[in-house]
Amino acid sequence: MNELTDDFVLCDSLDDYLAGDLPAERRLEFDQHLATCEACRLAVNEWQTLCLALETATGELENPSPSLLERLQAGAAVSTPPAHPDLQKWPDSQKWRVSALVLASLVAALLFASILQPRPPHQELANAPQTRPELSKPTVAKTPVRAKVEFSDDVIGVPIDIGEPNVTVVWLYPTVPAASHAN
Amino acid sequence: MREGLAEHLPHVYRLALRLTGDRHRAEDLTQETFLRAWKSRSQLKDTRAERVWLFHIAANIWKDELRQSRVRSALRSPLPEDAPDRKPTPEQCSELRESLERTLSLLNSLPVQQRTVLYLVAVEGLSAGEVGNVLGINTNAVKVNLSLARKRLREQTEKTAINSDLRWGTTTRDE
């Protein structure tokens, strides 16, 4: 009697079973129930046949047109913003290297400027008389400095004379092949 | 996402067909689904759930569209029979194709929610909970719709079989 009652309860689970809504343990029970209940077995067979028929029918007869895939692929390509043409050519590691070189160049420029700044030598200061004669003006190098400094294969730093003796500007040129800029 | 485009496209398109009941609208809905998915692809955490996620987007877009344009009549109309690729060529006039077309026609004759639920469970293999998430309805509603769809299909199949028997004269008055 109990078995019969259990069977009826399990028959009520048919919809949940077909909808994939039974927990694993109950699903196993229902699988066993199928061996003894012909009505449920028929319903499950009918469902499986229907699934197969629908899968075959939709798969065979309902395919999107090839132009839809093309449109979507084009759309996906358009919605991805391209990087700046110059940056696009350089891999990430190279971009980092260039940034580091720019920073290094700035430090070098500052050092370069401090070297060029005219200062009285220490000895002269030591031997200087106690009475203060007229101080001679510091001599400033009049010839412009145009040294070409290569920092690496990727960047060339060229100090530019801007007319200020204490300031040196270093212009950095990336040594990327000209062909990559053409694109 | 872009890699899975060709793989998921037919499935999303077929769901769109269930929802819209129209090939052109289904293509538009599919296109919009992928474009929206592409824009919000960062929200997708589990790539295994990509297809269900796409279904969810498609169902939401269609719901919004219905809300805006209220094209309810489209829901009840079955797929047009005069679609060019549905016309069987002499080679395609096989019994199998006819049977497949009959099956599709039966599916498309169901109300929109029943045919969509049935498609997602029977063909896409989604559980009632997943279907509920995709369509924004509760699990019980999914199960009721599935049960109704099965019942209606069974009735339709029996009716078709009886009509077929009548047409071929195998059923007599005495029976």
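What you see is a predicted model; the values in this text were computed from it and never measured. (Residues numbered from 1 in each chain as written. Chains lettered and ligands numbered in written order. Predicted model: local features only at pLDDT ≥ 70, side-chain atom pairs only at ≥ 80, totals over all residues.)

Draft legend 1. A look at the overall build of chain A. Per the secondary structure count, chain A includes nine helices and three strands. Reading the secondary structure of chain A in the N-to-C direction produces α-α-α-α-α-α-α-α-β-β-β-α. When the 183 residues of chain A are sorted by exposure, 13% land in the buried category. Within chain A, contacts between residues at least 6 apart in sequence are counted, and of these 46% link residues at least 24 apart. (Helix = DSSP H or I, 4+ residues; strand = E, 2+ residues; numbered from the N terminus. Buried ≥ 20, exposed ≤ 12 C-beta atoms within 10 Å, placed from the backbone. Contact = placed C-beta atoms within 7 Å.)

Draft legend 2. Inspection of the interface of chain A and chain B at higher detail. On the chain B side, the residues contacting the 28 residues of chain A number 32 residues. Where the side of chain A that touches chain B is concerned, the elements lending two or more residues are α2 (14-18), α4 (38-61) and α5 (66-79) of chain A. A per-element tally of the side of chain A that touches chain B places α4 of chain A first, with ten residues. Here the residues of the side of chain A that touches chain B sort into 13 nonpolar, eight polar and seven charged. (Nonpolar A, V, L, I, M, F, W, Y, C, P; charged D, E, K, R; others polar.)

Draft legend 3. Fine view of the packing of helix α3 (residues 50-69) of chain B against helix α7 (residues 128-135) of chain B. Residues and elements named next belong to chain B. Contact pair α3 / α7: the axes reach a minimum separation of 7 Å and the direction vectors enclose 40°. When the axis of α3 is compared with that of α7, the two are oblique. In contact with V52, F55, H56 and A59 of α3, α7 contributes E130, N133, V134 and L135. Classifying every residue of the contact of α3 with α7 by side-chain character gives five nonpolar, two polar and one charged. (Axes fitted to C-alpha atoms, helices over the stretch in contact; angles between N-to-C directions. Parallel < 35°, antiparallel > 145°, perpendicular 65-115°, else oblique.)

Draft legend 4. Highlighting the nonpolar core. Counting 50 residues, the largest nonpolar core has A16, A58, L118, V121 and V131 of chain B as the members making the most contacts within it. Ignoring any residue separated from it by four or fewer positions in sequence, one finds V121 of chain B in contact with A19 and G20 of chain A together with L126, V131 and L146 of chain B. (Core = buried A, V, L, I, M, F, W, Y, C linked by C-beta atoms within 7 Å.)

Draft legend 5. Inspection of the confidence of the model for chain A at higher detail. Residues and elements named next belong to chain A. Put simply, chain A has an average pLDDT of 68, and 38% of its residues get 70 or more. Low pLDDT, under 50, characterises residues 80-91; the stretch is placed with eight contacts to residues that sit more than four places away or in other chains. Predicted confidence is poor over residues 179-183, with pLDDT under 50, and the contacts of this stretch with residues over four places away or in other chains come to four contacts. (pLDDT = per-residue confidence, 0-100.)

Draft legend 6. Examining the environment of P10 of chain B more closely. Secondary-structure assignment places P10 of chain B in helix α1 (residues 5-20). Given 17 C-beta atoms within 10 Å, P10 of chain B falls into the partly exposed group. Taking the C-alpha atoms as reference points, P10 of chain B and T30 of chain B, 20 residues apart in sequence, are found 9.2 Å from one another. In this structure, P10 of chain B is in contact with N63 and P64 of chain A, ignoring residues within four places of it in sequence.

Draft legend 7. Geometry of α1 of chain B. Residue and element names in this part refer to chain B. Helix length check: α1 (16 residues) gives 21 Å between terminal C-alpha atoms against 22 Å at 1.5 Å per residue, within 8%. All of the buried residues in α1 are L9, H11, V12, Y13, R14, L15, A16, L17, R18, L19 and T20. Of the residues trailing α1, G21 is marked for its positive phi of about 70°. (Expected span 1.5 Å × (residues − 1).)

Draft legend 8. Molecular detail of the packing of helix α2 (residues 23-39) of chain B against α3 of chain B. Residues and elements named next belong to chain B. Two elements in contact, α2 and α3, have axes whose closest approach is 9 Å; the angle formed by their N-to-C orientations is 120°. With respect to α3, the axis of α2 lies oblique. The way α2 lies across α3 gives a crossing that is right-handed. Mapping the contact onto sequence places L29, E32, T33, R36 and A37 in α2 and L54, I57, A58, I61 and W62 in α3. (Left-handed = near helix turned anticlockwise from the far one by under 90°.)

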